[in-house]
Amino acid sequence: MSSEKSPLPQGPHASGCLDIFKRIFSSSSKSDNVASHERVLETMSQLCVSDSDVKLSALWEQDDLAKSVHEAIEKVSAELRDIGLKLHADPELSYQEFHAHALLTDYLEGKGFQVQRKAYTLDTAFVARAGNSDKVTIGICSEYDALPGIGHACGHNLIAISGVATAIGLKAVIEKYGLEAEVKLFGTPAEETTGGKIVMLKHGAFDGVDVCMMLHGANADVVYPAFLALDTVTVEFFGKASHASASPWEGINALDAAVLTYTNIGLMRQQMHPSQRVHGIIKDGGKAANIIPDYTLSTYTVRAPKYTEVEVLKKKVERILKGAAAATGCRVEFEWGVPYKDILTNDPLAKKFESYMNAQGLKYASKQEQLSKLSGSTDMGNLTYALPGIHPMFNILNLHGEDDKSMGLHTTAFAHAAAQSLGHVTTLRAAKSLAMTGVECIVDKEFLKSVKQEFNDQK
Ligand SMILES: [Zn+2]
Ligand SMILES: [Zn+2]
């Protein structure tokens, strides 16, 4: 914490759009030794045609704060690029992210954060804190787990550095202006499997945090992502083995129960809303064709736009399981996992983030259009049910806000894109907007009040 504090700037500081781009981006990262960097900056300038394009005076009222955020993030751009590439080259699966944990925590400590390693019972989770007061606490999440076989095909290497960049931007402003606030960067493992955030939430990691936000690279720019809520059930049927030829009548066929389940879930799909999903497999269907199976193991995942819909689907699936057991004479045991909830996007936070992205040349599709794009599921959803939050997706494939349908997440092509310099530039652009959204929560009490009001109304 610096003892030299600057007075909090008072707006407005309206300037021309291109001026802002020159000022904000002229010192942008030169970390990539590639010509594309200049092209990226040129494109960003061209995107903003005239002052009337965006309401700059309102947007950049906190101009000096934005400048502080920008400068703090750009200063570490080369270092973050290096971290992003190292993570990309060394993809680690859920709960095995030991190198990522070490790399990120060492770096954050070196930048003056107080770091708690192996946090909240998880060996690869961490919390990095900066600021001198918990009057307002801004939480940010970094993910860093990869996918089996295809590495960082979900771009979590970029999510990791987006969180670090955002936290560094917030720390700079808090310290420069002596704000009564703190930033907490949560290193959250295992998003792709069982949800490290859910474990951390259960152990109180987010207690006292006012808002929690994160970013996710994608093939589109979306502030209102329609992540599906989900839950997964493990199903076991217990029957009685017998010789399939000599005495089939003595057996109780557990595979029949598994097949009835599979079939009836298929029939149930006819009456489901198109936005809902149920999918599953039979993992163990018996040991040999000449033995009536006495045991089967299946798993099914149900998903829907809202968690309340998932709860309804779960009851229907349970009726099917019990019905299959009754029909075959088997005994059934089933256990639901830990649900991922949908994302409750906090509207004031989303609008604020959007306005800072607009100011950096990005135009979004309508909210309705954004919400119509169904996506996967994330443990961030559970956090947004516990405290106000947003989970914007940013396009790592182009700067214009256009969807790129040529490649989706979880593909090798996307993994390749997550290592390119364009992805790095768009990551930092989004991180600056997220940091400014956090700054607004700190400096504007009325804004934070509206964020909390919205959260209470949403629940
Ligand atoms: Zn992901
Ligand atoms: Zn993913």
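Below is a short write-up of the structure. (Residues numbered from 1 in each chain as written. Chains lettered and ligands numbered in written order. Predicted model: local features only at pLDDT ≥ 70, side-chain atom pairs only at ≥ 80, totals over all residues.)

## Concerning the pairing of strand S7 (residues 229–238)
Put simply, the rule is: A pair of strands is labelled paired if DSSP reports no fewer than 2 bridges between them. Counting from the N terminus, the helices are the DSSP runs of H or I reaching at least four residues and the strands are the DSSP runs of E reaching at least two.
Sheet topology places S7 next to strand S9 (residues 295–304); 10 bridges connect them, and they run antiparallel. Residue pairing in the sheet places valine 233 in a bridge with tyrosine 300 of S9. As paired elements, S7 and strand S10 (residues 331–336) share 6 bridges and run antiparallel to each other. Residue pairing in the sheet places phenylalanine 238 in a bridge with arginine 331 of S10.

## Section: the sheet that holds strand S8 (residues 277–284)
Keep this limit in mind: All axes are obtained by fitting lines to C-alpha atoms, using only the stretch in contact for helices, and the reported angles, taken between N-to-C directions, cover 0 to 180 degrees. Two residues qualify as a contact pair if the distance between their C-beta atoms, derived from the backbone, is within 7 Å.
Taken in spatial order, the 4 strands make up an open sheet running S8-S9-S7-S10, and their pairing is antiparallel. Two strands bound the open sheet, and with one partner strand each, they are S8 and S10. The sheet shows a mean angle of 20° between the axes of neighbouring strands, taken without regard to direction. Two strands pair when backbone bridges link them, and S8 and S9 are joined in this way by 7 bridges, in the antiparallel orientation. Across the sheet, arginine 277 pairs through a bridge with arginine 303, a residue of S9. Helix-sheet contacts for helix H9 (residues 254–268) involve S7, S8, S9 and S10, and the interaxial angle to S9 is about 15°. Strands S7, S8, S9 and S10 of the sheet are contacted by helix H10 (residues 307–328), whose axis makes an angle of about 155° with S9.

## A few points about the pairing of strand S3 (residues 137–142)
Rule in force here: Counting other C-beta atoms within 10 Å of a residue's own tells you its class, since 20 or more makes it buried, 12 or fewer makes it exposed, and anything in between is partly exposed; those C-beta atoms are placed from the backbone.
A large share of S3 lies buried, amounting to 6 of its 6 residues. Relative to strand S4 (residues 182–187), S3 runs parallel, the two sharing 6 bridges. Looking at S4, one finds that isoleucine 140 is bridged to leucine 185.

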